[in-house]
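# Topology and contacts: notes
Each chain, letter by letter, is given below.
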Amino acid sequence: MTVMDPESSTLTFIRRLLLASLSVGIVGTAAELILLGHVDSAAQWIPVVALAAAIPLLLWHATRPPPRTVRLIRLLMCAYIVFGVVGVGLHYDGNVEFERELHPRETGVMFLRHTLAGATPVLAPGSMVLLGLVGIAHAYRHPSAVEHDRQERVS
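How each quantity is defined
- Note that residues are indexed from 1 along each chain, following the sequence as it is written.
- Under the rules for a predicted model, residues below a pLDDT of 70 receive no local features and side-chain atom pairs below 80 are neither given nor counted, while totals for whole chains, interfaces and linings still include all residues.
- To get the side-chain values, take all heavy atoms of the structure and skip hydrogens and water.
- Only buried residues count toward a nonpolar core. Its members are Ala, Val, Leu, Ile, Met, Phe, Trp, Tyr and Cys residues joined through side-chain atoms within 4.5 Å.
- Burial classes follow relative accessibility: with a 1.4 Å probe on protein chains only, a residue under 20% of its type's maximum area counts as buried, one over 50% as exposed, and anything between as partly exposed.
- Numbering of helices and strands runs from the N terminus, with a helix taken as a DSSP run of H or I at least four residues long and a strand as a DSSP run of E at least two residues long.
- Predictor confidence is given residue by residue as pLDDT, running from a minimum of 0 to a maximum of 100.
- Comment: axis = line fitted to C-alpha atoms, over the contacting stretch for helices; angle = value between 0 and 180 degrees taken between N-to-C directions.
- When describing relative orientation, an angle under 35 degrees is termed roughly parallel and one over 145 degrees roughly antiparallel, while 65 to 115 degrees is termed roughly perpendicular and anything else oblique.
- Each helix crossing is assigned a hand: it is left-handed if the near helix lies turned anticlockwise from the far helix by less than a right angle, otherwise right-handed if that turn is clockwise.
- Contacts are assigned to residue pairs that have any heavy atoms within 4.5 Å of one another.
- The residue classification treats Ala, Val, Leu, Ile, Met, Phe, Trp, Tyr, Cys and Pro as nonpolar and Asp, Glu, Lys and Arg as charged. All others, Gly included, are polar.
- To count toward a patch, a residue needs a relative accessible area over 30% and no salt bridge; like charges are then connected within 9 Å, while nonpolar side chains (Val, Leu, Ile, Met, Phe, Trp, Tyr) are connected within 5 Å.
- The accessible surface values rely on the Shrake-Rupley method and a 1.4 Å probe; as for residues, cover is taken only from the protein chains in view.
- The salt bridge definition used is simple: a Lys or Arg side-chain nitrogen within 4 Å of an Asp or Glu carboxyl oxygen.
- The term polar contact refers here to a pair of N or O atoms within 3.5 Å; inside protein, the definition further demands a hydrogen-donor-capable atom paired with an acceptor-capable atom, and it admits residues adjacent in sequence only when both atoms are side-chain atoms.

## Description of the nonpolar core
The biggest cluster of nonpolar side chains holds 21 residues, and the ones touching the most others in it are Leu22, Ile26, Leu51, Leu58 and Tyr80. Looking at this core, the elements that each hand over two or more residues are helix H1 (6-35), helix H2 (42-63), helix H3 (67-102) and helix H5 (126-139). Examining the composition of this core, we find that six residues originate from one element, H2, more than from any other.

And the structure:
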């Protein structure tokens, strides 16, 4: 019988908690985007498709985590971070355009305030960045990937 040291059981628990948090966040964010009708343009479909792609990947990873799923999670989570940053920029640009039409003479702090609190939530795409970071934390030195890397170095 193999006994896990307390550190290993703690890391296993944290890794599972991160995976559960990531899963709930992905499903919740996808549902919110669909309910909000965030599907009017090709750019709006990008986060919806990226979130949907994660669901079967995370199910596969949760049932039997081969090294391939860890690599795919890392890749997808990096994409989430990029999509989130780009999304903040797109939301901000859309609000700038809207506010210029609505208040053409406004400038400075008031213009910035109205832009940030405008028609589209500027910081909402930041949730993709957060999901990406949670996923990367889960995959960081994941046991199945670490063991696979060790085996490749030996052979």
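## Observations regarding the confidence of the model for the protein chain
Here the protein chain averages 91 in pLDDT, and 90% of its residues register 70 or above. Taken element by element, the protein chain is modelled with least confidence in helix H6 (residues 143-154), mean pLDDT 69, and with most confidence in H5, mean pLDDT 98.

## Looking at the packing of H2 against H3
Any two packed helices are characterised by the angle at which their axes cross and by the distance between the axes. For the pair H2 and H3, interaxial distance at closest approach is 10 Å and the crossing angle is 160°. Comparing their axes, H3 and H2 come out roughly antiparallel. At the point where H2 passes H3, the crossing takes the left-handed sense. In this structure, H2 contributes Ile46, Ala50, Leu51, Ala53, Ala54, Leu57, Leu58, Trp60 and His61 to the contact, and H3 contributes Arg68, Thr69, Val70, Leu72, Ile73, Leu76, Tyr80 and Phe83. Considering only residue class, the contact of H2 with H3 consists of 14 nonpolar, two polar and one charged.

## Some thoughts on the packing of H3 against H5
Here H3 crosses H5 at 160°, and the two axes come no closer than 7 Å. Considering their axes alone, H3 and H5 lie roughly antiparallel with respect to each other. For the pair H3 and H5, the sense of crossing is left-handed. Mapping the contact onto sequence places Val70, Ile73, Arg74, Met77, Cys78, Tyr80, Ile81, Gly84, Val85 and Val88 in H3 and Gly126, Met128, Val129, Leu131, Gly132, Leu133, Gly135, Ile136 and Ala139 in H5. When its residues are assigned to classes, the contact of H3 with H5 shows 14 nonpolar, four polar and one charged.

## Structural notes on a nonpolar patch on the surface
The grouping of Ile46, Val82, Phe83, Val86 and Leu90 at the surface amounts to a nonpolar patch, some 410 Å² of accessible area in total. Looking at which element gives the most residues to the nonpolar patch, the answer is H3, with four residues. Tracing the chain through its elements places Leu90 in helix H3. The class for Leu90 is partly exposed, based on a relative accessible area of 48%.

## A look at unusual backbone geometry
With phi around 50°, Arg141 is a residue other than glycine that occupies positive phi space. Relative to the assigned elements, Arg141 resides in the loop between H5 and H6. Of the residues examined, Arg141 reaches a relative accessible area of 59% and is grouped as exposed.

## Focus: the environment of Ala54
With respect to the element layout, Ala54 can be found in helix H2. Overall, Ala54 belongs to the buried group, its relative accessible area being 1%. Considered as a pair, Ala54 and Leu22 are 32 residues apart in the sequence and their alpha carbons are 9.7 Å apart. If near-sequence neighbours (up to four positions away) are discounted, Ala54 is found in contact with Ile26, Leu76 and Tyr80.

## Looking at the side chain of His38
Relative to the helices and strands, His38 is located in the loop between H1 and H2. Classification of His38 by relative accessible area gives buried; the value is 17%. Of note is the side chain of His38, whose polar atom sits 3.0 Å from the backbone oxygen of Gln44. If near-sequence neighbours (up to four positions away) are discounted, His38 is found in contact with Leu33, Gln44, Trp45, Pro47, Val48 and His91.

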